[in-house]
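Understanding the architecture of this molecule
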Amino acid sequence: MNVPSHANGQLPWPRWAYVPGETGGVDADYETLDMAKALVPSAFRGYVPARHPALRYGLALNDRGYFWESQEVLEAVWAAAPQGGRERILLRACILVSNANLRLRMQRAHSAARLFGDAQAELRILSARKAAAGGDGFVESFPIPALNALLQAKLGRPQLSKADWIALSAIVRTQPSA
């Protein structure tokens, strides 16, 4: 997933990846995150567009190792997603994956495994929901079965390590075009 540079009017990457308890007392780069959050409307109408810049940025943050920052941006998108909508469930799963990735970085493998399991539970809830007919929403464009299979593979390992983190937008790129 390519997010253009700030020079073209797009969002810059945070200046550092915040890791609670490990960044030497330095707080997160809230100034950069606030730029992304400012793009999120107070409420999405009907669905969250798959190409919404804050959503794409939040996924790309995760894939670049900005796990805490990814959670922050995705939570802002989640809060604006339609209540009871399928996007809220998928966004919650993505937030849990970002949080699990952060736990792996912090060498908390058991916590990460629990969070991966919680994300997989969200995907089960999502699969039980009736799909909308077509559209360009986040749920319609995201390869949910591929994420579910990846989570299952991670959960099948006897022990997770830092290298077991999940890149969310890489899943999107590896799927064949419809």
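Predicted model only: the values in this text are computed from it and were never measured.

**Some points on the packing of helix α1 (residues 30-37) against helix α3 (residues 67-80)**
Interaxial distance between α1 and α3 falls to 9 Å at its minimum, and their mutual angle equals 30 degrees. The orientation of α1 with respect to α3, classified from their angle, is roughly parallel. For the element pair α1 and α3, the recorded crossing hand is right-handed. The residues of α3 that touch α1, namely those facing Y30, L33, A36 and K37, are W68, E69, E72, V73 and A76. Of the residues that constitute the contact of α1 with α3, the class distribution is 6 nonpolar, no polar and 3 charged.

**Digging into the nonpolar core**
Ranked by internal contacts, the top residues of the largest apolar core, which has 52 residues, are L90 and L147. Counting only elements with at least two residues in this core, the list comes to α1, α2 (53-63), α3, α4 (86-105), α5 (109-128), α6 (138-141), α7 (144-155) and α8 (168-174). Residue contributions to this core peak at 11 residues, all from α4. Excluding its chain neighbours within four sequence positions, the residues that come into contact with L90 are L123, L126, F138, V139, F142 and I144.

**What about the layout of surface pockets?**
Considering only enclosed or pocket space, the second largest pocket measures out at about 160 Å³ in volume. At the level of secondary structure, the elements contributing two or more residues to the lining of the second largest pocket comprise α5, α6 and α7. With 4 residues, α5 is the single largest residue contributor to the lining of the second largest pocket. For the lining of the second largest pocket, a count of residues per class yields 7 nonpolar, 2 polar and 3 charged.

**Here we look at the side chain of N62**
Here N62 lies in helix α2. Since its relative accessible area comes to 0%, N62 is described here as buried. Not counting residues within four places of it along the chain, the set of residues in contact with N62 comprises F67, S70, S98, N101, W165, I166, A167 and L168.

**Focus: the confidence of the model for the protein**
Low pLDDT marks stretches whose predicted atomic positions should not be read closely. Residues with a pLDDT of 70 or more make up 87% of the protein, whose mean pLDDT is 89. α3 holds the highest mean pLDDT among the elements of the protein, 98, whereas α8 holds the lowest, 68. Considering only residues more than four positions removed or in separate chains, one finds that residues 1-8, a stretch of pLDDT under 50, has 18 contacts. Here residues 174-178 scores under 50 on pLDDT; set against residues more than four positions off or in separate chains, the count is 2 contacts.

**Considerations on the pattern of salt bridges**
Pairs can form between side chains of opposite charge once their charged atoms are near each other. In total, this model carries 6 salt bridges according to the counting rule given. Across the salt bridge formed by E122 and R92, the nearest N and O atoms sit 2.9 Å from each other. Here R92 lies in helix α4 and E122 lies in helix α5, a separation of 30 residues in the sequence. Under the relative-accessibility criterion, E122 is labelled buried at 13%. For R157, the salt bridge identified is with D164, shortest N-O distance 3.3 Å.

**Quick word on α3**
In a regular helix each residue adds 1.5 Å, so 14 residues correspond to 20 Å; α3 covers 20 Å between its end C-alpha atoms and thus fits that length. Counting buried residues along α3, 11 of its 14 residues qualify, which places the element largely inside the surrounding structure. Of the residues making up α3, those classed as buried are F67, W68, E69, S70, Q71, E72, V73, L74, A76, V77 and A80. In this structure, the buried side of α3 is in contact with α1, α2 and α4.

Definitions and limits used
Residues numbered from 1 in each chain as written. Predicted model: local features only at pLDDT ≥ 70, side-chain atom pairs only at ≥ 80, totals over all residues. Heavy atoms only, no water. Axes fitted to C-alpha atoms, helices over the stretch in contact; angles between N-to-C directions. Helix = DSSP H or I, 4+ residues; strand = E, 2+ residues; numbered from the N terminus. Parallel < 35°, antiparallel > 145°, perpendicular 65-115°, else oblique. Left-handed = near helix turned anticlockwise from the far one by under 90°. Contact = heavy atoms within 4.5 Å. Nonpolar A, V, L, I, M, F, W, Y, C, P; charged D, E, K, R; others polar. Core = buried A, V, L, I, M, F, W, Y, C linked by side-chain atoms within 4.5 Å. Buried < 20%, exposed > 50% of the residue type's maximum accessible area, 1.4 Å probe, protein only. 1 Å grid on protein atoms, 1.4 Å probe; cavity = no way out; pocket = protein on both sides within 12 Å on 5 of 7 lines; lining within 4 Å. Points joined across faces, edges and corners; volume = space filled by probe spheres on them. pLDDT = per-residue confidence, 0-100. Salt bridge = Lys/Arg side-chain N within 4 Å of Asp/Glu carboxyl O. Expected span 1.5 Å × (residues − 1).

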